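# Understanding the architecture of this molecule
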Amino acid sequence: MTMIITLKDKFNIENAKSKAFESHVPGNVAFVTNGLDNNGILGYVEPLSGDKIFDTKAISVSSFCEATIQKPPFIGRGNGGSGLVILIPKEEMTYENLYFYAAQINQHKWRFSFGRMVIGDRIKDLPLIEKKKELHLNQRLDSVLQTKINYSVKLKGAPQKYTIEEFFSISYGQKEYESKEGLNPGRTVLISSKGEDKGCYGLFDISPFYKAPIITVPRTGTIGHAFVQEYDCCANSDCIVLVPKDPKTTLSQLYQVAAQIRKIKWKYNYGRKITPERLGKEEITLFNETLPANFNENVSAGLSHLSSQVTFLK
């Protein structure tokens, strides 16, 4: 029988407290912040006096209800000074149990925004399905992931340095799609500032404006979380769009650039906005090696196989 409980039944709710990431020196303690990228971990630091160190496994919940699982020890602070809520299990939990509850918390993201951020009082009564049955998830996934996919790419040749503006035409996305009201379902991808699904807001009956491949970089929401877009698309003005100047630019090079942009996204926030001018001055290093010819086919086959097999999770 399914038992519905509330978040406060299972967790003690605490607030993270630490100095800004840039105030720390490198160390061995995870620094957790907003977002799902890299499990919310911005880097590893040496804690400072006054930092609140969490010494037990827990769920971290950002101001926008992004729940991640953290191994001890860790400290945390929201990006731009926003809060970070830490859920400490009242009783010993396995990591599998923590993931079970974190997945449910993530389903409530739609409730929160810049106008209504997560705080302890707002999430303490969120409904949760109590976990009673062990799924042995790792064993099941091992049996599902039968398709072997080679994601590795060996970069060859001499690296070359550029500024982003030397390599790309840089502009804001399309203002006409700041609001999605009135758009009908269709076949064209509309890219927004989401940090998931490559930024895809949805598929609409609109004409593609950008010819793939391009890079989109959110300037709100998941600021600086760059994605390579491999389909002709539209992108709203919450994104900065990078269009390669050289039509021979490879997917490998675009993924190299996107990865390097993500590494410097800590420089930007709502106090120091990411703009085409600022982004254009950032330096990138590129190799000439391309992705294997069957890279996309392998990935598509693997994802199709996985999606057809994970019905046991429902």
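Rules behind the numbers
- Residues numbered from 1 in each chain as written.
- Predicted model: local features only at pLDDT ≥ 70, side-chain atom pairs only at ≥ 80, totals over all residues.
- Heavy atoms only, no water.
- Phe/Tyr/Trp six-rings, centres within 6.5 Å; stacked < 30°, edge-to-face > 60°.
- Helix = DSSP H or I, 4+ residues; strand = E, 2+ residues; numbered from the N terminus.
- Buried < 20%, exposed > 50% of the residue type's maximum accessible area, 1.4 Å probe, protein only.
- Lys NZ or Arg CZ within 6 Å of the ring centre and 35° of its normal.
- Disulfide = S-S within 2.5 Å.
- Salt bridge = Lys/Arg side-chain N within 4 Å of Asp/Glu carboxyl O.

## Observations regarding the packing of aromatic side chains
If you walk through the whole model with that rule in mind, you get ten aromatic pairs. Ring centres of Phe21 and Phe31 lie 5.3 Å apart, and the angle between their planes is 70°; this geometry places the pair in the edge-to-face category. On the criterion of sequence distance, the pair formed by Phe21 in the loop between β2 (11-15) and β3 (26-32) and Phe31 in strand β3 is long-range, its members being ten residues apart. Ring centres of Phe209 and Tyr210 lie 4.9 Å apart, and the angle between their planes is 85°; on these two criteria the pair is classed as edge-to-face. A relative accessible area of 54% places Phe209 in the exposed class. Ring pairing ties together the aromatic residues Phe11, Phe100 and Tyr101, which thus form one cluster. Over the ring of Tyr95 we find Lys57; its NZ or CZ atom is 4.6 Å from the centre of that ring.

## Focus on unusual backbone geometry
Cis geometry marks the peptide bond from Pro72 to Pro73; its omega dihedral reads -5°. With an omega dihedral of 5°, the bond running from Ala212 to Pro213 counts as a cis peptide bond. Among the structural elements, Pro213 can be located in the loop between β13 (200-204) and β14 (214-218). Its identity as a non-glycine residue notwithstanding, Asn38 has a phi of 55°, on the positive side. Looking at the element boundaries, Asn38 is found in the loop between β3 and β4 (41-45). Owing to a relative accessible area of 56%, Asn38 belongs among the exposed residues under this scheme. With phi around 60°, Lys198 is a residue other than glycine that occupies positive phi space. Structurally, the position occupied by Lys198 is in the loop between β12 (185-191) and β13.

## Section: the state of the cysteines
Throughout the structure, instances matching the rule amount to zero disulfides. No disulfide involves Cys200; its sulfur sits 9.4 Å from that of Cys233, the nearest cysteine. Classification of Cys200 as partly exposed rests on a relative accessible area of 22%.

## Section: the pattern of salt bridges
Applying the stated rule across the entire model yields twelve salt bridges. Salt-bridge contacts for Asp37 lead to Lys265; the nearest nitrogen and oxygen are separated by 3.1 Å. Here Lys265 lies in the loop between α6 (251-263) and α7 (276-280) and Asp37 lies in the loop between β3 and β4, a separation of 228 residues in the sequence. A relative accessible area of 23% means that Asp37 is categorised as partly exposed.

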